[in-house]
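Chain by chain, the residues run as shown.
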Amino acid sequence: IIKLSPKPRKVLQLLRLKQLHNGVFLKVNKPILQMLKLVQPYVTYGYPSLKTVRELVYKRGHGKVTKQRIPLTDNQIIADKLGEKGLHGMEDLIHEIYTVGRSFKQAANFLWPFKLSAPRGGFKCKRHGYCEMKGGDWGNREEEINELIARMN
């Protein structure tokens, strides 16, 4: 994020992607798609499966409690912050994220950006897009994002 022009840098900050190998859940709508188009050479994205969402939240899930990163070890942490939205435990949070329910914005904002490790086996080719003929790593992966997250988790 250091040697970037101002516009993509600002978009990455708005998406809460401030470090290498960070991950967040986003609702797909027109403004988000425009933002992703702007930062496409710097990010990869897709549609995670329920299994992927569950593994991410259980293994690397941290909540935002009084502006601090707290590991989600207990359902009480979630119930205290999101109880009035009807989310009382880990499975409620996972269901809300996966189905993009009414409280998705609050649930996704409660989750701290996931700090993933570098993928096992490395990237194929960082300089080319996933949809290009040479087959790189950045851009829209759609369903294949699950395989990459499994290697990074």
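Quick caveat, the model's predicted, so the values are computed rather than measured.

### Examining the nonpolar core
If you look at the biggest cluster of nonpolar residues, it comprises 24 residues, and the most contacted ones within it are Phe25, Val57, Leu72, Leu93, Ile97 and Leu111. Secondary structure elements with two or more residues in this core: helix 3 (50-60), helix 4 (75-82), helix 5 (90-99), helix 6 (104-110) and helix 7 (145-152). For leucine 111, the contacting residues outside a window of four places in its chain are Arg16, Phe25, Val57, His62, Leu72, Leu93 and Ile97. Judged by nonpolar contacts, the second largest core, of 11 residues, contains Val11, Leu17, Ile32 and Met35.

### Looking at the pattern of salt bridges
Throughout the structure, instances matching the rule amount to 3 salt bridges. The partner of glutamate 91 in a salt bridge is arginine 54, with the nearest N and O atoms 3.0 Å apart. Here glutamate 91, found in helix 5, pairs with arginine 54, found in helix 3; they are 37 residues apart in sequence, far enough to count as distant.

### Section: empty space enclosed by the protein
Following the criterion strictly, the structure yields 1 cavity of 30 Å³ or more and no others. Space inside the largest cavity adds up to approximately 30 Å³. Lining the largest cavity are Arg16, Gly23, Val24, Phe25, Ala108, Leu111, Trp112, Pro113 and Phe114.

### Comments concerning helix 7
All of the buried residues along helix 7 are Ile145, Asn146, Leu148, Ile149 and Met152. Seen along its axis, helix 7 keeps its buried residues to an arc of 160°; they face one direction. Those residues of helix 7 that are buried are in contact with strand 2 (44-46), helix 3 and strand 6 (139-142).

### Some words on unusual backbone geometry
The residue lysine 67 is not glycine, and still its phi comes out positive at about 60°. By secondary structure assignment, the location of lysine 67 is in the loop between strand 3 (62-65) and strand 4 (68-71). Note on lysine 67: relative accessible area 76%, which makes it exposed.

Conventions adopted
Residues numbered from 1 in each chain as written. Predicted model: local features only at pLDDT ≥ 70, side-chain atom pairs only at ≥ 80, totals over all residues. Heavy atoms only, no water. Core = buried A, V, L, I, M, F, W, Y, C linked by side-chain atoms within 4.5 Å. Buried < 20%, exposed > 50% of the residue type's maximum accessible area, 1.4 Å probe, protein only. Helix = DSSP H or I, 4+ residues; strand = E, 2+ residues; numbered from the N terminus. Contact = heavy atoms within 4.5 Å. Salt bridge = Lys/Arg side-chain N within 4 Å of Asp/Glu carboxyl O. 1 Å grid on protein atoms, 1.4 Å probe; cavity = no way out; pocket = protein on both sides within 12 Å on 5 of 7 lines; lining within 4 Å. Points joined across faces, edges and corners; volume = space filled by probe spheres on them. Arc of directions from axis to C-beta.

Such coordinate-based values are descriptive only and should not be taken to indicate function.
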